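Residue strings, one per chain:
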Amino acid sequence: MSNEQELPEKATDEQADVISAQSASAQLDSNVDDSSQPQAAQKVNVEELSQKLEEAEQKATENWDKVLRIQAEMENLKRRTQKDLENAHKFALENFAKELLTVVDSLELGLQAAIGDSPEVQKFREGSELTLKQFEAVFSKFNIEVVNPLGQPFDPELHQAMAMQPSADAEPNSVINVFQKGYVLNGRLLRPAMVVVAKADDNPPQETPKIDEQA
């Protein structure tokens, strides 16, 4: 009887060992599954963070480009405003100066017409010349320059050709007469000089043929 009782007890112990081993294995599998889940979740979080980082960098680059464009536009606006202010200071007298030119023209024409040796004519000439000198001083003060291109090459930027005449003494395309002087204010043309321009002589003098003395 003792032997028969020992067999079931041994079987029971073996079954208990098997059950214990299965339980341990299941617990191990459970631990493995539990440990793999945080790794997978961590991998997903890294990918999301990488994607968000790329998006943030792209947005930062776009914003930086906008800042650079705005700065460039502000610099251009500043330069344009500065240039407009400079031009406003330089050319504020432009219209007024043009009106004065007609007065100067009248004085110069009066001087050209004042011919004679009478005291009245002499006084008129002296007064007109003095007034013209005062105008010249004012023009110099405000950077108004005279354009009187007699004998100079014709410049379409500063001169207005009223006629062309053949001339044997002047270079072609040079100014041989000035009808009206021109004026420049701070480098900007107020009025072009009205001129006559020389052209090549239509009938140049022919050379006298040499005579062969031996003939």
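Located above this text is the structure these notes cover.
The present account deals with the structure reproduced in this document. In this text, all values refer to a predicted model and were calculated from it rather than measured experimentally.

Counted under the stated rule, the structure contains five salt bridges. When the shortest N-O distance is used, the salt bridge between Glu108 and Lys181 registers 3.4 Å. Residue Glu108 is found in helix H2 (residues 94-113), and its partner Lys181 is found in the loop between strand S3 (175-180) and strand S4 (182-185); the two are separated by 73 residues along the sequence. We note a salt bridge from Arg125 to Glu129, for which the minimum N-O separation is 3.8 Å. Here Arg125 pairs with Glu129, and both are found in helix H3 (residues 119-141), just four residues apart, close to one helical turn. You can call Arg125 partly exposed: its relative accessible area is 25%. Relative accessible area serves as the criterion here: at 35%, Glu129 is assigned to the partly exposed category. Here the salt bridges share partners, and the residues they tie into one network are Glu94, Lys98 and Arg188.

A few words on a nonpolar patch on the surface. A cluster of nonpolar side chains, contributed by Leu93, Phe96, Val138 and Phe142, occupies part of the molecular surface with about 340 Å² of accessible area. Its location among the elements puts Val138 in helix H3. Judged by relative accessible area, which is 39%, Val138 ranks as partly exposed.

Considering the arrangement of structural elements, one finds Glu94 in helix H2. In this structure Glu94 comes out as buried when scored by relative accessible area, which is 15%. Not counting the four nearest positions on each side in its chain, Glu94 is found in contact with Leu185, Arg188 and Leu190.

A rise of 1.5 Å per residue sets the reference length of H3, with its 23 residues, at 33 Å; its end C-alpha atoms lie 33 Å apart and thus fit the reference within 8%. Among the residues of H3, Val121, Ser128, Leu132, Phe135 and Phe139 are the ones counted as buried. Those residues of H3 that are buried are in contact with H2, strand S1 (144-147) and S4. A positive backbone phi angle near 60 degrees is found at Asn143, which sits one or two residues after H3.

With that settled, the discussion passes to the pairing of strand S5 (residues 188-191). Looking down a regular strand, the side chains alternate between one sheet face and the other. Two strands pair when backbone bridges link them, and S4 and S5 are joined in this way by three bridges, in the antiparallel orientation. Its bridge partner lying in S5, Leu185 is registered against Arg188. Counting the residues that bridge the hairpin from S4 to S5 gives two residues, and of these Asn186 lies at a positive phi of roughly 50 degrees.

To continue, consider the packing of aromatic side chains. One pass over the full model with this rule turns up two aromatic pairs. For the pair Phe135 and Phe139, a centre-to-centre distance of 6.2 Å together with 55 degrees between the ring planes defines the contact as tilted. One end of the pair is Phe135 and the other is Phe139, both in helix H3 and four residues apart, which spans about a single turn. Each member of the pair, Phe135 together with Phe139, is buried. Where Phe139 meets Tyr183, the ring centres are 5.8 Å apart and the plane angle is 75 degrees; that geometry is what we call edge-to-face. With Phe139 in helix H3 and Tyr183 in strand S4, this residue pair connects regions lying 44 residues apart in the sequence.

The next thing to look at is the environment of Gln180. By the secondary structure assignment, Gln180 is in strand S3. Along the sequence, Gln180 and Asp105 sit 75 residues apart, while their C-alpha atoms lie 8.0 Å from each other.

Moving on, we come to the sheet that holds strand S2 (residues 159-166). Overall, mixed pairing links the three strands, which are arranged S2-S6-S3 in an open sheet. Lying at the two open borders of the sheet, with one neighbouring strand each, are S2 and S3. Each strand of the sheet is rotated relative to its neighbour by a mean of 25 degrees, with strand direction disregarded.

What counts as what
Residues numbered from 1 in each chain as written. Predicted model: local features only at pLDDT ≥ 70, side-chain atom pairs only at ≥ 80, totals over all residues. Heavy atoms only, no water. Salt bridge = Lys/Arg side-chain N within 4 Å of Asp/Glu carboxyl O. Helix = DSSP H or I, 4+ residues; strand = E, 2+ residues; numbered from the N terminus. Buried < 20%, exposed > 50% of the residue type's maximum accessible area, 1.4 Å probe, protein only. Patch = residues over 30% accessible without salt bridge, like charges linked within 9 Å, V, L, I, M, F, W, Y side chains within 5 Å. Areas by Shrake-Rupley, 256 points an atom, 1.4 Å probe, with all protein chains shown as cover. Contact = heavy atoms within 4.5 Å. Expected span 1.5 Å × (residues − 1). Pairing = 2+ DSSP bridges. Phe/Tyr/Trp six-rings, centres within 6.5 Å; stacked < 30°, edge-to-face > 60°. Axes fitted to C-alpha atoms, helices over the stretch in contact; angles between N-to-C directions.

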